[in-house]
Amino acid sequence: MNAISQAANSASRLKLMIRQVAYEAVGVRSYELVDPTGEDLPPVTPGSHIDLHLEDGTVRQYSLCNDPSERHRYVIAVLKEEWGRGGSKAVHQNFHVEHTVDVGVPRNSFALDPQATKHILIAGGIGVTPLKAMAHQLQANGADYELHYCAKTPAHAAFSRELLDRLDSDMVSLHFDGGNPVDGLNITDLLHEQPDGAHLYYCGPEGFMAACDKAASHWRPGTVHFEHFKAPSPSKSVVDSALSPVAQPGEAEFSIQIASTGLVFEVPENRTIAQVLADANIPIETSCEAGLCGACKIGYVEGEVDHRDFILSDEEHQGCLTACISRAKTPLLVLDL
């Protein structure tokens with residue numbers, strides 16, 4: 001990353017202190033982050049997430065799971081993944097009380113829709129974190145909602161006691177499958193009919209996400225919202241590019257043009273749009289580099305995009321792309337920069 005990009009990204013960071021670490025479920029710890037001087041933190045909306053900048057330069061995204069009305073703290077929950085890329089292990093090993101952490105300013109790509117008159121929230125495992133924050137907000141608003149939380153066993157269900165104690169128990173359903181999804185929540189039956197004005201929100205592991213996507217395939221466009229916390233694997237090429245910030249060999253080369261200046265840059269097969277822009281001293285914010293967080297979303301005004309993200313809606317794809325992972329289907333993309 002060049003110096004200008006570093007400056008742009010550091011300007012959007014907070015230095016927070018870990019005030020508390022707590023065991024929440026098997027393999028899951030929560031981390032309470034506060035301002036070291038006791039100041040209020042920037043306001044958030046339910047569904048927001050933050051970037052954790054680890055000491056080795058790694059960046060990981062975690063949803064805020066506490067009540068969004070709380071200005072004195074952010075709370076995240078981290079599942080230690082034995083076969084992950086190392087970020088969760090680093091957090092579990094190195095994040096301790098009074099440790100200071102670089103944190104990105106919260107952003108939200110998974111927000112509650114204000115047009116909805118009913119909200120159906122379905123969480124799988126650690127995917128409960130953004131939905132927990134949503135439930136707190138909906139409860140405070142007196143909104144019509146229901147939260148379904150799917151986990152292997154009660155011991156694997158983070159925050160279950162807090163959810164039952166702080167929320168209307170009639171709105172919260174816990175589903176335990178013992179490791180066999182067949183014995184858990186029947187998502188197909190739950191989503192068979194779409195209530196008038198209902199919107200769906202779901203987050204969880206890949207198989208769970210696929211089941212929700214299939215069960216809600218008949219719901220009206222624009223009423224289904226979801227957030228992946230790991231890149232899905234529909235094809236090897238997409239996974240490879242999602243798990244690496246560098247595009248894979250064999251990709252087609254194309255050009256990008258800056259609409260405001262007319263400058264043209266080549267994007268070779270082994271570079272991303274974000275990397276080429278950084279090399280040209282045109283900094284844009286980047287974070288996950290996997291099409292999951294939306295930090296690098298930029299507009300385009302001409303050309304056809306090969307969208308590979310897992311976060312933008314079909315409507316957003318008409319004028320926006322994620323520079324970390326999207327490529328072009330046409331020789332030229334004109335960027336709204």
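Predicted model only: the values in this text are computed from it and were never measured. (Residues numbered from 1 in each chain as written. Predicted model: local features only at pLDDT ≥ 70, side-chain atom pairs only at ≥ 80, totals over all residues. Heavy atoms only, no water.)

**Some details on the packing of aromatic side chains**
Part 1: Scanning all chains against the criterion turns up three aromatic pairs.
Part 2: Ring centres 5.5 Å apart and planes at 25° place the aromatic pair Tyr202 and Phe226 in the stacked group. Of this pair, Tyr202 sits in strand E10 (residues 198-203) while Phe226 sits in strand E11 (residues 224-227), placing them 24 residues apart in sequence.
Part 3: Its relative accessible area of 1% is what places Tyr202 among the buried residues.
Part 4: In this structure, Lys132 is placed above the aromatic ring of Phe159, and the distance from its NZ or CZ to the ring centre is 5.0 Å. (Phe/Tyr/Trp six-rings, centres within 6.5 Å; stacked < 30°, edge-to-face > 60°. Helix = DSSP H or I, 4+ residues; strand = E, 2+ residues; numbered from the N terminus. Buried < 20%, exposed > 50% of the residue type's maximum accessible area, 1.4 Å probe, protein only. Lys NZ or Arg CZ within 6 Å of the ring centre and 35° of its normal.)

**A few points about the pattern of salt bridges**
Part 1: Counted by the stated rule, this structure contains 16 salt bridges.
Part 2: Taking the shortest distance from any N to any O, the salt bridge between Asp102 and Arg13 comes out at 3.7 Å. Taken together, the residues span a long stretch of sequence, with Asp102 in strand E6 (residues 100-104) and Arg13 in strand E1 (residues 13-25) at a distance of 89 residues.
Part 3: With a relative accessible area of 21%, Asp102 lands in the partly exposed category.
Part 4: Owing to a relative accessible area of 30%, Arg13 belongs among the partly exposed residues under this scheme.
Part 5: Taking the shortest distance from any N to any O, the salt bridge between Asp279 and Arg271 comes out at 2.6 Å.
Part 6: Since its relative accessible area comes to 25%, Arg271 is described here as partly exposed.
Part 7: The network of salt bridges with shared partners includes Arg19, Glu32, Glu70 and Arg73. (Salt bridge = Lys/Arg side-chain N within 4 Å of Asp/Glu carboxyl O.)

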